[in-house]
Each structure stands twice: as C-alpha cells, then as structure tokens.
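Spelled out, the chains give:
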Amino acid sequence: MELIRKEIKFQTNNKISNDLKNSISSVLSYDDNNKDNGSYRVFSIYFDDENLTFYKEKIEGLNIRVKPRLRFYFDKNLNPIKSFLELKKRKNFFVKKIKTEITIADAKIILSGNINKLFLKYKNNECFLEFYKLTKLMYLKPKITIISDRSAFFFRFNRDVRITFDKNIFTSFYSNLNCNFNHSKRIIKPNLNIIELKYNYSIPNMVLHNFKFYNLEQCTFSKYCMGLNQCYNFKK
C-alpha cells in the first residue's frame, strides 16, 4: 500500500482538541481502528543505525529522508492483533508512506535480527525489499518505541483528508511488545495533544475555517526525534 500526501502538525491542549473535534464532527467519519471509547493505542518501533542517521537527517532538516518502523495495533486487552512494516519518506513538503501487513510472528522475527528468514516469503513485496536493503546496508536495529492514544477521522466527503489526535505520547528503549506506559517516559505534557492534518490536494473549507478559528499554529514535531531526545537525554 502506498500513500502520498501533505501533513501539517499542530500542538494544542486537550480542551481545544475536544472543542475542535466537536465543531467538525458532523463532517467527519471515524477511522476503522477506533475502539468503543473513540480512540486506539498505537505502538511503533523505530529502526536506525549505530550513528542514528535517520534521527540526524530529521534534526538537520534534510529535504529527502526516510523513517523505517514497525507499527502494531492491539485489541481491547492490549494484545497485538495487527502489525505493519512501514517506510515513511519525506521529499520537501510531501510525505510518501509505503506499508505492508505482516504477521505478528514475522514482526518478531525482524525484531530478533533474523530478517533473512523472511526473504523468500516477501521477495516480491516492495516495502519489505526496501526495508531489507536498508537493514543490510546500514545494519539497522530497533531503537525506541513510541506509544500513544489516537483518535482518527476521515473527512466524510473525501477520505483522502485525514485528521488524527494523539495524546498520552510515551517513549522507551525497545525491549518487547508491551504497549503499557509502565517504564516509559512522556514526550509531551499530559494536557497536550498533537493534531495531524493529512491531505492530498486541498483542505476542505469547513475544516480549514475551524482550524483557523481555534488559532492553531503549525509546528514541527517528530515523535521519533522527541523519543530519542528523552531516551538518550539529548538536548532539545
């Protein structure tokens, strides 16, 4: 699966996030991942090399960069039920994400460093092959996990427009697939949200009007970089 779009990020507090959701709820549809409480747990494991090349590319603001990761989704008891191998690429203002669903067992094989065992199974899969090449060329290892609670919506009249609200964003060094917040560090304060507005060509006027009404200002925010800053105690 391949997606090409623009992404704009905003940081705001819980109240404004809730007010914004309520004000545009009539034109939004819930993402299929949302649970009964209107949100779902997102658990991502980011890969990098020994020199943290992907981290440095983001910090230095390179126009062309990539982030390889495994992303997991969980049931209501926080047991992993789906996993995706993903490559998120940025070129100037556009983000291209390619991903492929793999089994939980295969994700664990990748995390154990035995990706060679999967080559024949996925040799015709573009996403896997690119991840495989990066792993071999750069000796990639799982570095950190990012855990968050997400509410996600599509614009009812154009599913290419997607809005996500992330809160309770935590990080830790990778150790296992436990998606609880225990032994993790907060990336942002408990009362803050990160809102992402994702679109292909244009933002619907109603959505744009409401974002302007609440005086939301665009920000640069990388969960991976913020997570590494916390885990390694890098200066922000």
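Asker: Honestly, helix α3 (residues 104-111) in this entry has me stumped. Any pointers?
Answerer: Quick reminder: α-helices carry 3.6 residues per turn. Residues three or four places apart thus point the same way. For α3, the full list of buried residues reads I104, D106, A107, I110 and L111. Buried residues in α3, looked at end-on, bunch into an arc of 160°, giving them a common side. Directly after α3, the chain includes G113, whose backbone phi takes a positive value near 90°.

Asker: I would appreciate a short explanation of the packing of aromatic side chains in the present structure.
Answerer: Tallied over the full model, the rule gives 15 aromatic pairs. A ring pair is formed by Y30 and F153, whose centres lie 5.0 Å apart and whose planes are at 35°; its orientation type is tilted. Residue Y30 is found in strand β2 (residues 28-30), and its partner F153 is found in strand β7 (residues 141-155); the two are separated by 123 residues along the sequence. With relative accessibility at 53%, the residue Y30 sits in the exposed group. Centroid distance F43 to F74: 5.8 Å. Interplanar angle 85°. Geometry classified as edge-to-face. Taken together, the residues F43 in strand β3 (residues 40-48) and F74 in strand β4 (residues 64-74) connect sequence positions 31 residues apart. The same class applies to F43 as to F74, namely buried.

Asker: How do you make sense of the environment of K141 when you look at a structure like this?
Answerer: Considering the arrangement of structural elements, one finds K141 in strand β7. Separated by 77 residues in sequence, K141 and Q218 place their C-alpha atoms 32 Å apart. Ignoring sequence-local partners within four residues, the contact set of K141 consists of Y46, F47 and D48.

About the thresholds
Residues numbered from 1 in each chain as written. Predicted model: local features only at pLDDT ≥ 70, side-chain atom pairs only at ≥ 80, totals over all residues. Heavy atoms only, no water. Buried < 20%, exposed > 50% of the residue type's maximum accessible area, 1.4 Å probe, protein only. Helix = DSSP H or I, 4+ residues; strand = E, 2+ residues; numbered from the N terminus. Arc of directions from axis to C-beta. Phe/Tyr/Trp six-rings, centres within 6.5 Å; stacked < 30°, edge-to-face > 60°. Contact = heavy atoms within 4.5 Å.

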